[in-house]
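Each chain is listed here by its residues.
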Amino acid sequence: MSRRDFSERDIHMALDGELPGDERTAYEAWLEANAEMKAKSARYAADRAALRAAFNGVLDEPIPVRLNKVVLGEAPVVKASPSRTRWWLAAAAAAILVIGGAGGYLAGIGGLGLENTAEDQLAEEAIAAHVIYAAEKRHAVEVPARDKDHLQNWLSNQVGLKLVAPDLAAQGFQLVGGRLLPAGQGKAAMLLYEDDKGERISLFVIAESAAKAKGTYGSEENGPEAVYWLDKGYGCAVVGSLPHEQLAAVAKSAYGQLLAGLKS
Amino acid sequence: MDEKKAAILGEIPRLRRYARSLLRDRDSADDLVQDCLERALVRLDNWQTGESPRRWLFTIMHHLFIDQMRKVNRRGEAAMLPLEASEAQAAPAEQVESIASREIVEALQAISPDRRAALVMVAIEGFSYAEAANILGVPAGTLMSRIARGREELRGLLDDTARRRSIRIVEK
């Protein structure tokens, strides 16, 4: 098998037993050669050990009689909480208490936690745009690929960064065209591509970002997936319903070219 | 006792552990398990033979948990907590927890429910990515990013706690 590049993603996979056995040796070698990654891996392993230690005792506790009764059908069963305090209020209380304690850190990562992070928002907007426009036959784009120069100039001016439409012919995709869309408080450029079977993918590019992140996001089962990058000053999501490996390869190529374009 | 009920009884310790990691407070966690068991018994016919009872029950419990968290968040009920809920929270478990244990339990409570569930499912409950993604009803890619971000968030919170602890020591 050919040697591949490892990343932080593999640290999680290795830790969770999801790394294929034949990659294990190469992974260990990579880890040995990367002090920062090795430290990260050790830290995650230690945190996991602490998590397990903190909760394993629950397995040995005697099972509350009321729970056995529910299953054995000896109803009615009254819940533990005296004044019908529901369990989820305790959950909310826990969130508030900890926020009170670690406010500074949590304020930076999105409060109660159900709010969207910058990357979730980018991925969700990109997927929403893809679902709407990739399905359009006649009105998928505002400016078609034959006006590529105009398209690039117009979107660059509107979004506020130097946008070069990546050439994805090596991955089998041709540019269909693009359009301008709202994104958060600003604007986004959407570029649509198509392969010879009519399969479409889209690139969603924004110029406003303070966060730095990369990852994969899928909002629902069997729905399109977004591979995204966020860095200071720009963000990009590549959306499509391709198999994950294929989408990741297209995204990698697109991102490299976008980045080169930005800095040209 | 019929076979299905016996299988469900056997899963209670695992369900309690998962509930405790989601909610921390023992009574609230057991209430969640009870809700889960009640729903499972009503839907006993939906449980296909051959399907793992563990996966089926965890799926039910996860839905109960996430639905409620979403509702709480939408209605903003968290802001109007009865005092007793927060008091119950202040004195969580009868057993003596070590400082390290308490800190990690509190940090886990502070990360977003989606990430917490994904991380716990894999790191504590030992489900594979495929199983956990199936239970949580998300694509594997989403599960992976939740696990990665959950771990990162947890690490940040623990570092933050450690920093505040050292500041307190310096101030003394």
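**As for the overall build of chain B**
- From N to C terminus, chain B includes eight helices and zero strands.
- Across chain B, helices and strands are ordered from the amino to the carboxyl terminus as α-α-α-α-α-α-α-α.
- In chain B, which comprises 172 residues, the proportion classed as buried is 56%.
- Within chain B, residue pairs in contact and separated by at least 24 positions form 71% of the contacts whose partners lie at least 6 positions apart.

**A word on helix α2 (residues 24-33) of chain A**
Residues and elements named next belong to chain A.
- By the burial criterion, the buried members of α2 are Tyr27, Trp30 and Leu31. Here the buried residues of α2 occupy an arc of 100 degrees about the axis, which is enough to place them on one side. Those residues of α2 that are exposed and aimed more than 90 degrees away from the buried face are Thr25, Glu32 and Ala33.
- The secondary structure elements touched by the buried residues of α2 are α1 (8-15) and α3 (35-60).

**Points about the confidence of the model for chain A**
- With 81% of its residues at a pLDDT of 70 or more, chain A has an overall mean of 81.
- Long-range and interchain partners of residues 81-85 of chain A, a stretch whose pLDDT sits below 50, account for five contacts in this model, where long-range means more than four residues apart.

**Quick word on the packing of α3 of chain A against helix α1 (residues 3-23) of chain B**
- At a closest axis distance of 8 Å, the pairing of α3 of chain A and α1 of chain B adopts a crossing angle of 145 degrees. Here α3 of chain A and α1 of chain B pass one another in a crossing that is right-handed. Contact residues: Phe55, Asn56, Val58 and Leu59 of chain A in α3 of chain A; Pro13, Arg14, Arg16, Arg17, Arg20 and Ser21 of chain B in α1 of chain B.
- Within the contact of α3 of chain A with α1 of chain B, the residues separate by chemical class into four nonpolar, two polar and four charged.

**Section: the environment of Arg16 of chain B**
- Take Arg16 of chain B: it is sitting in helix α1.
- Assessed through its relative accessible area of 2%, Arg16 of chain B is described here as buried.
- Residues Arg16 of chain B and Gln34 of chain B, spaced 18 residues apart in sequence, show a C-alpha to C-alpha distance of 9.5 Å.
- Those residues in contact with Arg16 of chain B, other than ones at most four positions away along the chain, are Val58, Glu61, Pro62, Pro64 and Leu67 of chain A together with Arg26, Asp30 and Val33 of chain B.

**As for the pattern of salt bridges**
- Here the structure, examined in full by the defined rule, presents 21 salt bridges over all chains.
- Here Arg151 of chain B makes a salt bridge to Asp16 of chain A, at a shortest N to O gap of 2.7 Å. Remark: Asp16 of chain A occurs in the loop between α1 and α2 and Arg151 of chain B occurs in helix α8 (residues 140-171); the pair is interchain, linking two chains.
- For Arg151 of chain B, a relative accessible area of 4% puts it in the buried group.
- Between Glu125 of chain B and Arg14 of chain B there is a salt bridge, with its nearest N and O atoms 3.0 Å apart. Of this pair, Glu125 of chain B sits in the loop between α6 (113-123) and α7 (129-136) while Arg14 of chain B sits in helix α1, placing them 111 residues apart in sequence.
- Overall, Glu125 of chain B belongs to the buried group, its relative accessible area being 5%.
- According to the relative accessible area criterion, Arg14 of chain B is buried, its value standing at 15%.

**Looking at the sheet that holds strand β5 (residues 213-218) of chain A**
Residue and element names in this part refer to chain A.
- Pairing is antiparallel in the open sheet, where seven strands are placed in the order β1-β2-β3-β4-β7-β6-β5. Each of the sheet's edge strands pairs with one partner strand only, and the pair in question is β1 (143-144) and β5.
- Of the pairings in the sheet, the one linking strand β3 (residues 186-194) to strand β4 (residues 200-206) comprises seven bridges and is antiparallel in character. Pairing of Met190 across the sheet is with Phe204, part of β4.
- Those strands touched by helix α9 (residues 244-262) are β4, β5, β6 (225-231) and β7 (234-240), and its axis lies near 150 degrees from that of β7.

**Notes on the packing of aromatic side chains**
Residues and elements named next belong to chain A.
- This model, assessed by the stated rule, comprises seven aromatic pairs over all chains.
- A network of ring pairs unites the aromatic residues Phe6, Tyr27 and Trp30 as a single cluster.
- Over the ring of Tyr133 we find Arg179; its NZ or CZ atom is 3.7 Å from the centre of that ring.

**Structural notes on the environment of Glu124 of chain A**
- As for its position among the elements, Glu124 of chain A is in helix α7 (residues 118-133).
- Sequence spacing of Glu124 of chain A and Gly218 of chain A is 94 residues, and the spatial spacing of their C-alpha atoms is 8.4 Å.

**Quick word on the packing of α1 of chain B against α6 of chain B**
All names here are of chain B.
- At a closest axis distance of 10 Å, the pairing of α1 and α6 adopts a crossing angle of 145 degrees. In this structure, α1 crosses over α6, and the sense of that crossing is right-handed. Mapping the contact onto sequence places Tyr18, Ser21 and Leu22 in α1 and Arg116, Ala117, Val120 and Met121 in α6.
- Each residue belonging to the contact of α1 with α6 can be placed in one class, and the counts come to five nonpolar, one polar and one charged.

**Notes on the confidence of the model for chain B**
- Summarising the model, chain B shows a mean pLDDT of 81, and 81% of its residues fall at 70 or more.
- Overall, residues 76-96 of chain B carries pLDDT values under 50, and its contacts beyond four positions in sequence, including any with other chains, amount to 32 contacts.

**A word on the side chain of Ser156 of chain A**
Residue and element names in this part refer to chain A.
- The residue Ser156 is located in helix α8 (residues 148-159) in this model.
- Residue Ser156 is classed as buried on the basis of its relative accessible area of 14%.
- Among the polar contacts made by the side chain of Ser156, one reaches the main-chain carbonyl oxygen of Gln152 at a distance of 2.6 Å.
- Ignoring sequence-local partners within four residues, the contact set of Ser156 consists of Leu161, Lys162 and Leu163.

Conventions and cut-offs
Residues numbered from 1 in each chain as written. Chains lettered and ligands numbered in written order. Predicted model: local features only at pLDDT ≥ 70, side-chain atom pairs only at ≥ 80, totals over all residues. Heavy atoms only, no water. Helix = DSSP H or I, 4+ residues; strand = E, 2+ residues; numbered from the N terminus. Buried < 20%, exposed > 50% of the residue type's maximum accessible area, 1.4 Å probe, protein only. Contact = heavy atoms within 4.5 Å. Arc of directions from axis to C-beta. pLDDT = per-residue confidence, 0-100. Axes fitted to C-alpha atoms, helices over the stretch in contact; angles between N-to-C directions. Left-handed = near helix turned anticlockwise from the far one by under 90°. Nonpolar A, V, L, I, M, F, W, Y, C, P; charged D, E, K, R; others polar. Salt bridge = Lys/Arg side-chain N within 4 Å of Asp/Glu carboxyl O. Pairing = 2+ DSSP bridges. Phe/Tyr/Trp six-rings, centres within 6.5 Å; stacked < 30°, edge-to-face > 60°. Lys NZ or Arg CZ within 6 Å of the ring centre and 35° of its normal. Polar contact = N/O pair within 3.5 Å; in protein donor to acceptor, adjacent residues only side chain to side chain.

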